[in-house]
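Descriptive analysis of the structure
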Amino acid sequence: MQRSLLATHERVQLPFVQRRRSAIMAISALTVCLSSGLSFAQQATIDANSLTFEESSQTAVASGDVKIDYSGKTLSADDIEWDQAADKISAKGNVQLTLDNGAKSSGEAMELTNGFQDGRIDALHSDFSNGAHMEASRGTLREGAIFTLEDAAYTACEACSQSSDKNTGEDANKKVADLNKNDDPSALTWELKSKKVVLDNQMQMVSYWNTWLEVKGVPVIYLPYFAHPTADVDKKSGFLAPSLGQDGNLGTTITTPYFWNLAPNYDITFNPQLTSDEGAIFAADWRHMTENGSYTLSVFATEPQSVLADIDGDHDYRGGIMGEGNFSKGDWSASFKIEEPTDDFAFDRYNISSATIFSNEAAVERRYKNGSIRADVITYRFVNDIENSETVNHALPVIRHNHDFAETFLGGKLRWNNQLLRTIRNQGMDLTEFQSRIEWKWNHTSNNGLLWAAKNYSQIDVYSYDKQNWDPNQDLDKGHTLAASSLATSMSYPMARYSNNKTELLTPKLQVVLATENDDYDDVYLRNNVSNELSSTRLYQMGDAADEVSRLNYGIDYQVNYSNGLRAEVFAGQSYNLSSRDLGVTTGYGEDSSNVVASGKIKYNDAYLKTDLRLDQKTGDLLRNRTSMGIAGANAEASLSYSFYEEGQVGDERLEEIGYRLQYDFDQNWSVAGKRRENLNLSRPIVDSLAIRYEDDCSAFELRYQRDYTELGNIEPTSSVMLYFDLLTLGGLGRSSF
């Protein structure tokens, strides 16, 4: 007997069926309890425009926007026939199956059995939550979560979604038939084409066999096996995208990273690198997030095979470790930093770091309501034997304390700073320094608009020497206990003017600094004197009281802002030495009047110019200049930096350097960028770089060339060529900004 529920919505009691009325006209709904040994709680709800049920065969036939919800899964189609006796569901037309993890698979026809656990799909299309898509000519489902697909294609490129929003009828069959065509003019940027794919939602992995990576329809890389996590996985173990390169020290290189997800809060990435000239290099990056912080460790090790085995001395193996970490709990915090190569040049030779000074550091700090106390230990490593008797090799320990007083004093704020520092030298004497300093700061605005400010530093310094490495040329029996104080008082008067299209602000400023100028500080052996370098940004800044001198500082600042977005600022200032001290030519202060310092800034939309100058106060000759400028347009951007130091300003030679960078975007995908740093004094380059880049919504490819002309000890100029690529959803290698 067959009953129709389309026209009358009559209430019919069917076996294993509970009925509910739909609020939409001509839509019926059935809640069906599966008969294959399932409990009453395992129910399926059917919504359709038309629904008939054959009691004798226990078969439900639904048509018109059919939707079945069962156990977290949803099946929708134009027509569905459900044979409860055989436990088989057949769906046709606009078929879509949504699993309980949100993954959606659609096709022209689908057959499900065993309570949605097993089945087959024709002309399958799947959309994933990360924007990726999968197409296959056919597929099978087992255990409710594992799809095995044939003749499949996977991509994250947008063209796939534009052509496959609904994979039905002739369009679906045509799409699947075109999977193996390389002459398709609408070929995607990249696509994985595979004979067999297993999409395992239980193991959260997608595995490929006999796969080609195609770029713009052209096969470029064959992969006998490849796997990556499903879209709902934040982290999953597996291979990352490789990188290829050519290096002057290592030869041809290939790096194939493997990411191992050990736990939600810690993982390790292995970065084995094969080189044509120096054999294999093992490298790994460890990351760990704890309850109270996080840290990272990076290591590399290798057994040199060729030139790098003896160019910097005999080495059976070379390597190093770098890392950093930060932790906190309540008022306590701790941090560390590691930079430890096996030899001075190991990091530079293997492209880890070109720094000439490395340090290992550890610190612990406790904060309280009005201050903190911190302890550091630091060790230094110097490259290329640049140490001497004054070089600090260890700072053990450095203890700092500060306290902000809640009460004001003479209307200003008080802070108490203390520091204990012990410096150890491999080639010289050890020094212990203790400083206790009181800082007072006061600010006031008068009724007539004058801005007043005052600052005072008063300190006591104690110096003690370790006689283990005694220098007989120094008279250090008694050590030193010294005191110093300095007071700075400033006055400025901002004057503003407004008009229809601009706002102007003119601010003259005068500052008087009075200092005790204790000459005994000059006799402290190994004391780290703070350099009083004059510049537009440091003119009004106070230095350490022991290094400060009495001086008069004056300057004027002018700012203008136009309504069209143009902004400009100009500053000029000078200092007059009120003391008998000669601070030296390089500082810019001199015996009486200092050099003139000036700076300027101009910005309009995406164009800017900044300059910082130091001029001779008598002749007006340029002594120092640091200038940078840049402009960005719709398809291009350029920047330039220039620095100049006259002879005697920094060392005995004149220094002049220029750097420039240019990037041009051919279109929304292709761009080229180049940069260069050049020593104009020697008429030779310092570093050259050139990169060609392609980027779209689903991928990025970059080919980069770099030439480093640095010569340091045995380090000679080197060149490298690297190829990087990122495929969205498949991962890639990070790159430093260009």
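Residues numbered from 1 in each chain as written. Predicted model: local features only at pLDDT ≥ 70, side-chain atom pairs only at ≥ 80, totals over all residues. Heavy atoms only, no water.

Here's the deal with the overall build of the protein
When helices and strands are counted, the protein shows 3 helices and 46 strands. A buried classification covers 41% of the 738 residues belonging to the protein. For the protein, the accessible area works out to roughly 38,500 Å², and carbon and sulfur atoms hold 52% of it. (Helix = DSSP H or I, 4+ residues; strand = E, 2+ residues; numbered from the N terminus. Buried < 20%, exposed > 50% of the residue type's maximum accessible area, 1.4 Å probe, protein only. Areas by Shrake-Rupley, 256 points an atom, 1.4 Å probe, with all protein chains shown as cover.)

Focus on the pattern of salt bridges
Evaluated as defined, the whole model comprises 33 salt bridges. The closest approach of N and O atoms between K337 and E339, which form a salt bridge, is 3.7 Å. Where E702 meets R693, a salt bridge forms, and the shortest distance between an N and an O atom there is 3.0 Å. Of the two residues, E702 and R693, both sit in the buried class. Several salt bridges share partner residues, and in doing so they unite E365, R374, D376 and R400 into one network. (Salt bridge = Lys/Arg side-chain N within 4 Å of Asp/Glu carboxyl O.)

Side note on the confidence of the model for the protein
On average, residues of the protein score 83 in pLDDT, and 86% of them reach the 70 mark or higher. Predicted confidence is poor over residues 1-41, with pLDDT under 50, and the contacts of this stretch with residues over four places away or in other chains come to 88 contacts. Throughout residues 732-738 the model reports pLDDT below 50, and contacts reaching past four residues in sequence, or to other chains, amount to 22 contacts. (pLDDT = per-residue confidence, 0-100. Contact = heavy atoms within 4.5 Å.)

Remarks on the pairing of strand β32 (residues 480-492)
Judged by which residues are buried, β32 turns out to be one-sided: H480, L482, A484, S486, A488, S490 and S492 face inward and are buried, whereas T481, A483, S485, L487, T489 and M491, on the alternate face, are not. Examined bridge by bridge, strand β31 (residues 451-466) and β32 share 13 bridges and lie antiparallel to one another. Pairing of Q459 across the sheet is with A484, part of β32. Judged from the 7 bridges that link them, β32 and strand β34 (residues 502-515) form a sheet pairing that is antiparallel. Paired with M491 across the bridge in β34 is L510. (Pairing = 2+ DSSP bridges.)

Description of the state of the cysteines
Applying the stated rule across the entire model yields 1 disulfide. Covalent S-S linkage joins C157 and C698, the inter-sulfur distance amounting to 2.0 Å. With the S-S bond torsion at 75 degrees, the cross-link from C157 to C698 turns out right-handed. Taken together, the residues span a long stretch of sequence, with C157 in the loop between β12 (146-155) and α1 (158-163) and C698 in the loop between β43 (684-695) and β44 (699-708) at a distance of 541 residues. (Disulfide = S-S within 2.5 Å.)

Comments concerning a negative patch on the surface
A surface patch of like charges, here negative, comprises E303, D310, D314 and D316. Checked against the element boundaries, E303 lands in the loop between β23 (293-302) and β24 (318-329). Residue E303 is classed as exposed on the basis of its relative accessible area of 53%. (Patch = residues over 30% accessible without salt bridge, like charges linked within 9 Å, V, L, I, M, F, W, Y side chains within 5 Å. Lys, Arg positive; Asp, Glu negative; His and termini not counted. Charge placed at Lys NZ, Arg CZ, Asp CG, Glu CD.)

Brief notes about the environment of Y463
Here Y463 shows up in strand β31. Its relative accessible area of 4% is what places Y463 among the buried residues. Between the C-alpha atoms of Y463 and R527, which are 64 residues apart in sequence, the distance is 8.7 Å. If we ignore the near neighbours within four places in the chain, the residues touching Y463 are L431, T432, E433, G479, H480, L482, Y521, V524 and R527. Within polar-contact distance, the side chain of Y463 engages the side chain of R527 at 3.1 Å. (Polar contact = N/O pair within 3.5 Å; in protein donor to acceptor, adjacent residues only side chain to side chain.)

Structural notes on the nonpolar core
Counting residues in each nonpolar core, the largest one holds 49 residues, and the members touching the most others are L75, L97, M134, F147, Y154 and W190. In this view, L97 contacts T74, L75, A103, K104, S105, M110, L112, F116, L141 and F147; residues no more than four positions away in its chain are not counted. By size, the runner-up hydrophobic cluster in this structure holds 16 residues, among which are Y465, L482, V513 and M542. (Core = buried A, V, L, I, M, F, W, Y, C linked by side-chain atoms within 4.5 Å.)

Considerations on a nonpolar patch on the surface
Judged by side-chain polarity, Y664, F666, W670, L690, I692, L703, Y705 and V721 come together as a nonpolar surface patch covering roughly 750 Å² of accessible area. Looking at the nonpolar patch, the elements that each hand over two or more residues are β43 and β44. Locating L703 in the fold gives a position in strand β44. A relative accessible area of 42% places L703 in the partly exposed class.

Here's the deal with the packing of aromatic side chains
All told, the structure shown has 19 aromatic pairs when counted by the stated rule. Aromatic pair W212 and Y222: ring centres 5.4 Å apart, planes at 55 degrees, arrangement tilted. Of the two residues, W212 is situated in strand β14 (residues 205-215) and Y222 in strand β15 (residues 218-229); the sequence distance between them amounts to 10 residues. Of the residues examined, W212 reaches a relative accessible area of 37% and is grouped as partly exposed. Every member of this aromatic cluster is reached through a ring pair, and the members are F300, F347, Y350 and F358. Sitting above the plane of the Y457 ring, R437 keeps its charged end 4.4 Å from the centroid. (Phe/Tyr/Trp six-rings, centres within 6.5 Å; stacked < 30°, edge-to-face > 60°. Lys NZ or Arg CZ within 6 Å of the ring centre and 35° of its normal.)

A word on the side chain of N249
If you trace the backbone, N249 turns up in the loop between β17 (243-247) and β18 (251-255). Owing to a relative accessible area of 17%, N249 belongs among the buried residues under this scheme. Polar contacts involving the side chain of N249 include one to the main-chain carbonyl oxygen of R349, which spans 3.5 Å. Leaving out residues up to four positions away in the same chain, N249 has contacts with D277, E278, L308, R349 and T718.

Quick word on the pairing of strand β6 (residues 59-70)
Summarising the sheet, strand β5 (residues 50-54) and β6 pair through 5 bridges and their orientation is antiparallel. Across the sheet, the residue bridging to L51 is A62, located in β6. Joining the antiparallel neighbours β5 and β6 is a turn of 4 residues, in which Q58 adopts a positive phi near 55 degrees. Bridge count between β6 and strand β7 (residues 73-83): 10 bridges; the pairing is antiparallel. Along β7, the bridge assignment pairs V66 with A77.

Quick word on unusual backbone geometry
A cis amide bond links L396 to the next residue, P397, at an omega of -10 degrees. Of note, P397 is situated in strand β28 (residues 394-404). In this structure, N605 is a non-glycine residue whose phi angle is positive, near 55 degrees. Here N605 shows up in the loop between β37 (596-604) and β38 (607-615). According to the relative accessible area criterion, N605 is partly exposed, its value standing at 46%. Even without glycine at this site, S683 takes up a positive phi of about 55 degrees.

Some thoughts on the environment of F327
On the secondary structure map, F327 appears in strand β24. A C-alpha to C-alpha distance of 9.3 Å links F327 and V364, two positions 37 residues apart in sequence. If we skip the residues at most four places from it in the chain, F327 touches T290, N292, G293, S294, Y295, W332, S333, A334 and F336.

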